[in-house]
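Chain and residue survey
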Amino acid sequence: MSVTISIKHALKKYGDNVIIPDLNAEIKQGEFFTLLGPSGCGKTTLLRMIAGFNSIEGGDFYFNDKRINDLDPAKRNIGMVFQNYAIFPHLTVRKNVEFGLKNKKLPKAQIAEQTDKFMKLMQIDQYADRLPERLSGGQQQRVALARALCIQPDVLLFDEPLSNLDAKLRVEMRTVIKNIQHSVGITTVYVTHDQEEAMAVSDRIAVMNAGVIQHIGTPKNIYQRPANLFVSTFIGRSNVMNGKLKMEDGKPVLHTTSGYTVALHNVEPEQQKDQDIILSVRPEEFLLNRDANAPGIAATVDDCVFLGLMTHYFVHLESGEEVEIIQESSIDSIIEPGTKIRLTLNTEKVNAFTADGSRNIMTGVRNDCVG
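The paragraphs below set out a description of the structure included in this document. (Residues numbered from 1 in each chain as written. Predicted model: local features only at pLDDT ≥ 70, side-chain atom pairs only at ≥ 80, totals over all residues. Heavy atoms only, no water.)

**Topic: the pairing of strand β12 (residues 251–256)**
Filter applied, for reference: Buried means the residue's accessible area, taken with a 1.4 Å probe over protein chains only, is under 20% of the maximum for its type, while exposed means over 50%, and partly exposed covers the values in between. Each helix is a run of DSSP H or I of at least 4 residues and each strand a run of E of at least 2, with the numbering of both proceeding from the N terminus. DSSP-based pairing: two strands are paired if at least 2 bridges between them are found.
Burial runs high along β12: 5 of the 6 residues are buried. Here 6 bridges tie strand β11 (residues 239–248) to β12, and the two strands are oriented antiparallel to one another. Among the inter-strand pairings, Lys244 is bridged to a residue of β12, identified as His255. By the bridge criterion, 3 bridges tie β12 to strand β13 (residues 261–263) in an arrangement that is antiparallel. Across the sheet, Leu254 pairs through a bridge with Val262, a residue of β13. If you look at the hairpin formed by β12 and β13, you'll find 4 residues sitting between the two strands, and Gly259 has a positive phi there, around 95°.

**Describing the pattern of salt bridges**
Heads up, the condition is: Any carboxyl oxygen of Asp or Glu that lies within 4 Å of a side-chain nitrogen of Lys or Arg is treated as forming a salt bridge with it.
Under the counting rule described, the total for this entry stands at 13 salt bridges. Across the salt bridge formed by Glu31 and Arg204, the nearest N and O atoms sit 2.4 Å from each other. Residue Glu31 is found in the loop between β2 (17–27) and β3 (32–36), and its partner Arg204 is found in strand β9 (residues 204–209); the two are separated by 173 residues along the sequence. Side by side, Glu31 and Arg204 carry an identical accessibility label, which is buried. The shortest N-O distance in the salt bridge between Asp368 and Arg204 comes to 3.1 Å. Taken together, the residues Asp368 in the segment after β20 (351–354) and Arg204 in strand β9 connect sequence positions 164 residues apart.

**Some points on helix α5 (residues 137–150)**
Quick reminder of the rule: In this scheme, a helix's expected span is set at 1.5 Å multiplied by one less than its residue total.
With 14 residues, α5 should reach 20 Å at 1.5 Å per residue; the first-to-last C-alpha distance of 20 Å fits that figure. Counting buried residues along α5, 13 of its 14 residues qualify, which places the element largely inside the surrounding structure. Taken from the residues just after α5, Gln152 is the one with a positive phi, measuring 50°.

**Quick notes on the nonpolar core**
Stated formally: Note on terminology: a nonpolar core comprises buried Ala, Val, Leu, Ile, Met, Phe, Trp, Tyr and Cys residues joined through side-chain atoms within 4.5 Å. Note on definitions: a residue-residue contact is assigned when non-hydrogen atoms from the two residues lie within 4.5 Å.
By size, the foremost hydrophobic cluster in this structure holds 35 residues, and its most contacted members are Val93, Val97, Met122, Ile124, Leu145 and Leu149. Elements represented by at least two residues in this core include exactly α2 (93–97), α4 (108–121), α5, β7 (155–159) and α6 (167–184). By residue number, the principal contributor to this core is α5, which donates 7 residues. Those residues within four positions of Ile124 in sequence are excluded, and the remaining contacts are Val93, Val97, Met119, Gln139, Arg142, Val143 and Ala146. Judged by nonpolar contacts, the second largest core, of 31 residues, contains Ile27, Leu47, Val155 and Ile216.

**Quick look at the sheet that holds β9**
Stated precisely, the cut-off is as follows: Lines fitted to C-alpha atoms define the axes, with helix axes restricted to the stretch in contact, and inter-axis angles between N-to-C directions lie between 0 and 180 degrees.
Sheet architecture is open: 6 strands sit in the order β6-β7-β8-β3-β9-β10, paired in mixed fashion. Because the sheet does not close on itself, it has two edges, and the strands there are β6 (78–81) and β10 (212–217). Between one strand axis and the next, the sheet turns by 15° as a mean value, whatever way the strands run. Here β7 runs beside strand β8 (residues 187–192); their pairing, made up of 5 bridges, is parallel. Bridge pairing in β8 links Leu156 to Thr188. Sitting on the sheet, α6 touches β3, β7 and β8, and the angle it makes with β3 is about 140°.

Listed below in structure tokens is the structure:
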């Protein structure tokens, strides 16, 4: 049975060092929920608090209506998959997968049936009698996942499960994990520092920094309308520039340091006032014009990288700011370094933040953070 996880005013500290000061989150039943953030932000600490491996200095953790703060980890009915697989090297694949079921002292026939089911689900049944040393990294991770799922947990926890795999295997395994999770419907909490991985697998993502959740939302919401400057710069690439918002004829107009002005039609009503702002422009949100005399921001190409479908341009503006631009590759020749160009902005997609970066002033921000 899958559960809802409620975290209310969680506090974690080691001595006087506060790791998580006051954290709230609601993880929906059957949801694939990812904790994403830089190293040391507290995401693994929070995961281990849910698992019962770390003490809880304050707040309450619930599985549905059951408070689990003092519940023994073995009684929380969780499955956990670790970064280093944590499978037993001296046991065969079958014996690894059935380990948790044997600990539950289930009937032999049921153990065999469950083990066969999840080995087949994870496509490792043909390796049932092999020892882990004869398996690839991806196969070992499948064994770890089968063992975690086999006990039919209420909650599935992942701690950086793919970080030891090579790039191709990571992409393959994240697809496997997402598909399996959706098919079995277990509430899943997944920890990673890899933004692309989080975007690929998650129903919702919680972006953390210094023990504080900055933004909870779908991958689309977080990427397109990040709650603050930290989220914008952590998720994907972002060009950050200073600017001013000025009210002209009752409408908000962006003024960049390069002298470019453009109307911003989707500024929150209460933020429609003269103010300094920080502009965040994704590389694909620049519109590049080869005509150096056209309206827009004057820039010079410094370098270009052709990557098949897309071409990356690295340019500097007349103001001295350096930005990255991603354009769909064209049949025409690549724009050579030293070429003068003009840039305009896709104003429907760019984000603008208050001068301290703490708040996105554009409409459409959806943040499920619980106060």
